[in-house]
Amino acid sequence: MKKGVIILLLLAFNISFGQLKLEGVVKDSVGSPLELANVIAINTETQALESYGITDADGTYKISISKNAKYNVQVSYIGMKTKQVAIETTDKNVYKTFTLSSDNTLDEVELVYEMPVTVKGDTITYNADSFKNGTERKLEDVLKKLPGVEINADGQIEVEGNVVTKVMVDGKDFFDGDSKLATENIPSNAIDKVEVLKNFAEIGQLSAVTNNQDNVAINIKLKEGKKNFWFGDITAGGGFADENSLYVLQPKLFYYSPTYSINLIGDLNNIGEIAFSRKDYFNFTGGFKAPSKSSGTNIDLGSNSLGFASLQNDKAQDINTKFGAANFSWSPKETLTFSGFGIFASNRIGMQENNSIVYTNTDLGVPDEITQSKTNQSSDLGMLKLSVGYKPNANNQLDYDVIGRISKENQDQIENSSVIGNTLQNESSSPYSINQNLSYYYTLKDKHIFTFEGQHLWQDEDPFYNAIIEEKEAYEDAAVGLGLDNLQLDYNVNQDKRVKSNQLDAKVDYYNILNAKSNINFTLGTIYSKQTFNSNIFQVLDDGSTFDPTPTINDGLGVNNIDYTFSDVYVGIHYTLKSGIFTVTPGATIHSYVTDNVQFSDKYKDNLFKILPDLNVRLQLKKSEQLTLSYGMETQFTDVSQLAKGLVMNDYNSFFYGNEGLDNAISHALRLRYTSFNLFNYTNVFGTVTYNKSIDNIRNITNFESVIRTNSPFNSAYADETVSASGRFQKQIGKFKASASGSFNYSKFNQFIQSVRSVNENYTQNYGVELSSNFRNAPNFEIGYNYSIQDNDQGDTRTKYYTASPSAEFNALIWKVLTFKTDYTYNNFSDEDGSINSYEFWNASLAYRKNADSKWEFELKATNLLDTESQSQSSTSDISVSATDYFIQPRYVTLRAVYSL
C-alpha cells in the first residue's frame, strides 16, 4: 500500500515538473483589470482544450501548458470582444497581457471550445464534458471531479462546506431537491452543465431581503439530445454467494420537455445496494420548512418510532430491498405548475453485532457488559406529495403542498447479555402523518413585500414493544419494581403506546426596502401544538392471558393518559444594513408562551414571556471570499413523552417516567464561518467554529440496579457546553486535486446517577487527506488517509479509541471499450492498549461497452472481495461507552447487463 502511494505521488510530481506557466493580465481598453475573464489554451496539434483559467480581482491569470508546443489562446469576457492569439512555447514560462475592447455585437471569433468553468454573479457553471474521462456512469461520478464540490459520507452534495438544499434538472425540482436520489440515479451521459447556485432563494421576490448565504442549489442542464426524449438505463443481473443466488434489477428512466417532466426509479436486489434506507425516509423533508424556524422557538414533537438497530455505512449481514419512486412536474401554462412524487421502499435486513459496554464508574457496582445480538427487520415505507404553484405575475406567488407518509415496521431481536442472559424482543409500528403547507407572497410597488406561510401537521404513532426475559433471576429486582407475576416460566413484558400530534405553525412577514443598502422586516407568528400520549405495560402469562401489573416504583403509576398543549405568539423585528464589505442584521423576537398538560385529573399550566435577540454579520472580503458571524438565543421546549408521569419501557433494561413540571431550556449559539473559493488558483477553503451553551437543560437522573436503569428528567441548574470546529482545504493543480480536512468536537455535560452529579467530557477528532487525478486519456487514482480519535472522560473512567483508515481508488478506460474500477480501504481500530480489530474492504468491477454511443454495457462486479466478516466502531452515550463489532455481507460477485435508452 505504502509503495503504491509513493509511486503515484512521484508520477504526479514528474508530470507537474514537465509543465510551463502561461501567465499575465487581462484588462479593458482603459487599462482597468477584468476579474473573472476566461482564458483557454487549445493545443493546435491535438485540437484539445489543454488548460484553462479565470482571472482574479487584479486581472491576473495563470495556466499550465506544455513545453515545445503550439497553442491557440482565447480570452473572453462578458460584453467584450473575444481575443485569440497564437503562442509557441519553448522551455521557458510565457508572460502575456491581453487587452479587450467593448463589443455590442456578436464576438468576431467563433468559440468552438467551451470554458470548463464560468462565473456569473452567484452562479458557477461547470461544463460537464470538460471533467469526464469516460468512466463515469452517474451524476456523483461527475460531481466528485468538480472543483469545490464534494460528496459526503451520507451521499449528500456539499459546496464550500454547505450541504446542497435543492437539486433541479432543467430548472425542475428532482424529488423536491433530494440530493442523494439525484447523485445515485441521474446518468452522467445526459449531463451537459452543472450550475451551482450560491445564495439561492426559493422565492425570487425575497432574494434581496432574506439571508440566503448558506443556501446552495444545483441545477443540472441536460444535453440537447436528452430533451423531449426518454433517456436513462435499465440494469439487470445475477450471481451467487455461498449457496444463495443473487439478483438485481434497476430501471431508471427520465423524460424532460419544456412543459413537463417524469422521473421513474426502481430497484430490486438482494446484494446490499440499498436504494432508500429507513434513515433516508425519516430524513426526507419533502421540501417542507417550518415557518417558525428562525423565530428562536424550538419545540420538539419527539420521535416515537421504533428503536431500530441502524445500518452502518449501508452495510449489514443480509439486505433485501425493493424501491420504487416517481416524480413529475407539469406546467400547462407559464403561470401554473403542478408537481409531486411518490416513493415506496420495502427493506428486509438481517444484522448481527457484538457490543462491549463500559458504564460510567459511579462506585455503585454497575458491571461492564458484553452483549451479542441478532436482528431481523422489515420495513415498508411510503410517501406521496402533491404541489401546486401559481404565479400570475412577478408580484404574486401562491404555493400549496401536501405530503402524506405511512409505514409498517417490525423488528425481531435476540440479545444475549453477560449480565441478564437471553432476551427476545419484538417491536412493531404503523405510523402515519399528513403535512400541509400554504404560502403566499405579494410585492407592492417594489419596496413593500408581504408574505404568509402556514404549515399544519397531523401525526399518529403507535409503537408496540415486547420483551421475553428467559433468565428470571437476573431480572428479579426489575420484575419486583414493575409488579410482575413471578410465578411464570419467564417474564413476557409488553407495552402499547399511542402518540397523536396536531400542530399549526404560521407567520406573516412584512419587508420594507428602505433604500439600496437597508431594509426592515416585521414578523407576526404563532405556533399551536396539541399532543396526546397513552401507554400501558402488561404481562402475558403462561396460559396466554394478560395481567396488568401495578409497579412498586414511581408511586404505582404504570400507565399514561396525558393531553399536552403548547402555544407561542411572537412578534419579531430585523433590520439589515449594508455598508462597504459589511452586511449587518440585528434583530429580536418577543414571545408569549403558554404550556399546560392534564394527566390523572391534574392540570399543570405555565405562562412565559421571553425576548430572544439574534445577530448576523457578514464581511464580503472578495466576490468569492466571506466571513460570517452569527449569534442566536433559543428557547427549547420538550414533547409530551417527557412530561408523562407514568412508567414507560424504553427497552427491557431501560425504564422512564416523566416530569410534569419541566420548564424550557435556553441556549446561546455562536458561529463563525469563513469560505473562500478562488477560481484563479482553484483553491477552496472553508472553516467553521461554533459554540453552544445550554442553560436549564433537561437532563436525566439515572438510577441503576445492575445494568437495569430508570431515568427521569429534570431541569438541570448546571450549564452544558459544546465547542466544535471543522475545516477543509482543497487545491487543484492541473489534473490533480488535493485536499486536507479536519474536525474537532468538545462537549461538556452534567450527568446525574443515583442523584450524584459528575461532569462528562467528550473529545472527538477527525482528520483526512486526499489526492486524486483526472486525466482524460490516462488511468486515474484517488488515495486518502483518515484518522479519528474518540476520547471519553466520564467521571472516574476514561476511554480512548482510534481508527486509522488508508484508502485507494483506481479507474481506467482501457482500449476505449473496457472500464475498470477498484477501491480498497484498510481500517485499524484500537485503544490505548493496542489494536482491537483490523479489517479491510476491496471492491472491483470490469465493464465492457463497444463505444461511448453503444446502447449495451456488460459488467462483472465484485464486492467485499476479501470476504471480510465484520467492522468495528466506538460510540458514546450519557451513561456508557461501547465498542462494537458489526457483521456485514460476505463476498458477492454479479454479472450485469445495462441497456441505455
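Cut-offs applied
Residues numbered from 1 in each chain as written. Predicted model: local features only at pLDDT ≥ 70, side-chain atom pairs only at ≥ 80, totals over all residues. Heavy atoms only, no water. Helix = DSSP H or I, 4+ residues; strand = E, 2+ residues; numbered from the N terminus. Buried < 20%, exposed > 50% of the residue type's maximum accessible area, 1.4 Å probe, protein only. Areas by Shrake-Rupley, 256 points an atom, 1.4 Å probe, with all protein chains shown as cover. Lys, Arg positive; Asp, Glu negative; His and termini not counted. Charge placed at Lys NZ, Arg CZ, Asp CG, Glu CD. Pairing = 2+ DSSP bridges. Axes fitted to C-alpha atoms, helices over the stretch in contact; angles between N-to-C directions. Salt bridge = Lys/Arg side-chain N within 4 Å of Asp/Glu carboxyl O. Polar contact = N/O pair within 3.5 Å; in protein donor to acceptor, adjacent residues only side chain to side chain. Contact = heavy atoms within 4.5 Å. Core = buried A, V, L, I, M, F, W, Y, C linked by side-chain atoms within 4.5 Å. pLDDT = per-residue confidence, 0-100. Phe/Tyr/Trp six-rings, centres within 6.5 Å; stacked < 30°, edge-to-face > 60°. Lys NZ or Arg CZ within 6 Å of the ring centre and 35° of its normal. Patch = residues over 30% accessible without salt bridge, like charges linked within 9 Å, V, L, I, M, F, W, Y side chains within 5 Å.

Student: Please explain the overall build of the protein as it appears in this structure.
Tutor: The helix and strand tally for the protein stands at six helices and 53 strands. With the C-alpha coordinates aligned to their principal axes, the bounding extent of the protein is approximately 95 × 70 × 55 Å. Within the span of the protein, comprising 901 residues, buried residues form 49% of the whole. Counting every atom, the protein has about 41000 Å² of accessible surface; 53% of that belongs to carbon and sulfur. Distance between charge centres in the protein, computed from 79 positive and 108 negative side chains, equals 11 Å.

Student: Explain the sheet that holds strand β6 (residues 83-88) here, please?
Tutor: Strand-to-strand pairing in sheets goes through backbone hydrogen bonds, with the strands running parallel or antiparallel. Across the sheet, four strands lie side by side as β3-β2-β5-β6; this open sheet has antiparallel pairing. The open sheet has two free edges, formed respectively by β3 (48-54) and β6, since each of these has just one partner strand. Shown here is a sheet whose adjacent strand axes are inclined to one another by a mean of 20°, direction ignored. Judged from the six bridges that link them, strand β2 (residues 38-43) and β3 form a sheet pairing that is antiparallel. Within β3, the residue paired with Ile 40 across the bridge is Tyr 52.

Student: When you look at the pairing of strand β44 (residues 736-753) in this model, what are you seeing that I'm missing?
Tutor: Across two bridges, the pairing between strand β41 (residues 698-705) and β44 is parallel. The residue bridging Thr 702 from the neighbouring strand is Ile 753, located in β44. Examined bridge by bridge, strand β43 (residues 720-733) and β44 share 13 bridges and lie antiparallel to one another. Within β44, the residue paired with Phe 729 across the bridge is Ala 740. Turn length for the β43-β44 hairpin, with the two strands adjacent in sequence and antiparallel, is two residues, and the turn residue Gly 734 shows positive phi of about 60°. Here β44 pairs with strand β45 (residues 756-773) via 18 bridges, running antiparallel. Looking across to β45, one finds that Ala 740 is bridged to Val 769.

Student: It is not clear to me how the sheet that holds strand β15 (residues 172-173) should be interpreted in this structure. Could you clarify?
Tutor: Strand order in the open sheet formed by six strands is β9-β10-β16-β17-β14-β15, with mixed pairing between adjacent strands. For this open sheet the edge positions go to β9 (117-120) and β15, each flanked by a neighbour on one side alone. Examined bridge by bridge, strand β14 (residues 166-169) and strand β17 (residues 216-222) share four bridges and lie parallel to one another. Within β17, the position partnered with Met 168 by the bridge is Asn 219.

Student: Got a minute to help me understand the pattern of salt bridges in this structure?
Tutor: Pairing of side chains with opposite charge becomes possible as their charged atoms draw close. Summed over all chains, the structure comprises 26 salt bridges. For Lys 223, the salt bridge is made with Asp 129, and the minimal N-O distance between the two is 3.3 Å. In this pair, Lys 223 sits in the loop between β17 and β18 (230-241) while Asp 129 sits in the loop between β10 (123-127) and α2 (139-143), placing the two residues 94 residues apart along the sequence. Here Lys 223 falls in the partly exposed class, since its relative accessible area comes to 25%.

Student: I keep staring at unusual backbone geometry and nothing clicks. Help me out?
Tutor: Note on backbone geometry: most residues besides glycine have negative phi, and most peptide bonds are trans. Its identity as a non-glycine residue notwithstanding, Trp 815 has a phi of 55°, on the positive side. When its relative accessible area of 71% is taken as the criterion, Trp 815 is described as exposed. In this model, Asp 867 sits at a positive phi of 55°, which is unusual for a non-glycine residue. Counting through the fold element by element, Asp 867 comes out in the loop between β50 (856-863) and β51 (870-876). By relative accessible area, which is 33% here, Asp 867 ends up partly exposed.

Student: Looking at this model, I keep getting lost on the side chain of Asn 560. Mind explaining?
Tutor: Turning to its location among the elements, Asn 560 is positioned in strand β33 (residues 559-579). Side-chain polar atoms of Asn 560 contact the backbone nitrogen of Gly 646, separated by 2.6 Å. When residues no more than four places from it in sequence are discounted, the contact partners of Asn 560 are Phe 533, Asn 534, Ser 535, Phe 600, Ala 644, Lys 645, Gly 646, Leu 647 and Val 648.

Student: How do you make sense of the nonpolar core when you look at a structure like this?
Tutor: A general tendency of soluble globular proteins is for nonpolar side chains to be buried together. Grouped together as the largest cluster of nonpolar side chains are 55 residues, with contacts concentrated most on Val 117, Tyr 126, Phe 174, Phe 175, Phe 323 and Ile 343. Examining the composition of this core, we find that four residues originate from one element, β17, more than from any other. Not counting residues within four places of it along the chain, the set of residues in contact with Phe 323 comprises Leu 181, Ile 265, Gly 266, Asp 267, Ala 275, Phe 276, Ile 343, Phe 344 and Ala 345.

Student: Is there a simple way to explain the confidence of the model for the protein in this structure?
Tutor: In low-pLDDT segments, the atomic positions of the prediction should not be examined closely. Taken over all residues, the pLDDT of the protein has a mean of 89, while the share at 70 or more is 95%. Across residues 1-17, where pLDDT falls below 50, the model places 13 contacts with residues more than four positions away in sequence or in other chains.

Student: Looking at this structure, how should I read the packing of aromatic side chains?
Tutor: Within a pair of aromatic rings, the relevant descriptors are the distance that separates the centres and the angle that separates the planes. Scanning all chains against the criterion turns up 29 aromatic pairs. Grouped by ring-pair contacts, the aromatic residues Phe 174, Phe 175, Phe 231, Phe 254, Tyr 256 and Phe 341 constitute a single cluster. The side chain of Lys 315 reaches across the aromatic face of Phe 841, ending 4.9 Å from its centre.

Student: Where do I start with the environment of Lys 816 in this structure?
Tutor: Checked against the element boundaries, Lys 816 lands in the loop between β47 (797-814) and β48 (818-831). Through-space distance from the C-alpha of Lys 816 to that of Arg 278 is 39 Å; in sequence the pair is 538 residues apart.

Student: Please clarify how the pairing of strand β20 (residues 260-269) should be interpreted in this entry.
Tutor: Along any regular strand the residues' side chains alternate between the sheet's two faces. Relative to β20, strand β19 (residues 244-256) is paired through seven bridges, and the arrangement is antiparallel. Within β20, the position partnered with Tyr 256 by the bridge is Ser 261. Here β19 hands over to β20 after three residues, the two strands then running antiparallel side by side. Where β20 lies against strand β22 (residues 318-333), ten bridges are found, and the strand directions are antiparallel. Across the sheet, the residue bridging to Leu 268 is Lys 322, located in β22.

Student: I'm lost on a nonpolar patch on the surface in this one. Help?
Tutor: A contiguous nonpolar surface patch, about 870 Å² in accessible area, is contributed by Val 388, Tyr 390, Leu 398, Tyr 400, Leu 438, Tyr 440, Phe 452, Val 508, Leu 524, Val 569 and Val 571. For the nonpolar patch, the secondary structure elements donating two or more residues are β24 (369-393), β25 (396-417), β27 (432-444) and β33. Of note, Phe 452 is situated in strand β28 (residues 448-461).

Student: What exactly am I supposed to notice about the environment of Gln 250 here?
Tutor: Structurally, Gln 250 is set in strand β19. Residues Gln 250 and Asn 185, spaced 65 residues apart in sequence, show a C-alpha to C-alpha distance of 9.8 Å. Leave out the neighbours within four places in its chain, and Gln 250 touches Asp 233, Ile 234, Thr 235, Gly 266, Asp 267, Asn 269, Glu 273 and Arg 896. Here the side chain of Gln 250 touches Asp 267 through a polar contact of 3.1 Å, side chain to side chain.

Student: Is there a simple way to think about the side chain of Gln 250 in this case?
Tutor: What makes Gln 250 buried here is its relative accessible area of 7%. Of note is the side chain of Gln 250, whose polar atom sits 3.2 Å from the side chain of Glu 273.

Student: Even after reading the chapter, I still don't get the environment of Asn 678, so can you show me in this structure?
Tutor: Along the chain, Asn 678 falls in strand β39 (residues 665-678). For Asn 678, a relative accessible area of 25% gives the class partly exposed. The sequence separation of Asn 678 and Ile 611 amounts to 67 residues, and the corresponding C-alpha distance is 41 Å. Here Asn 678 is in contact with Ser 624 and Thr 683, once residues within four sequence places are set aside.

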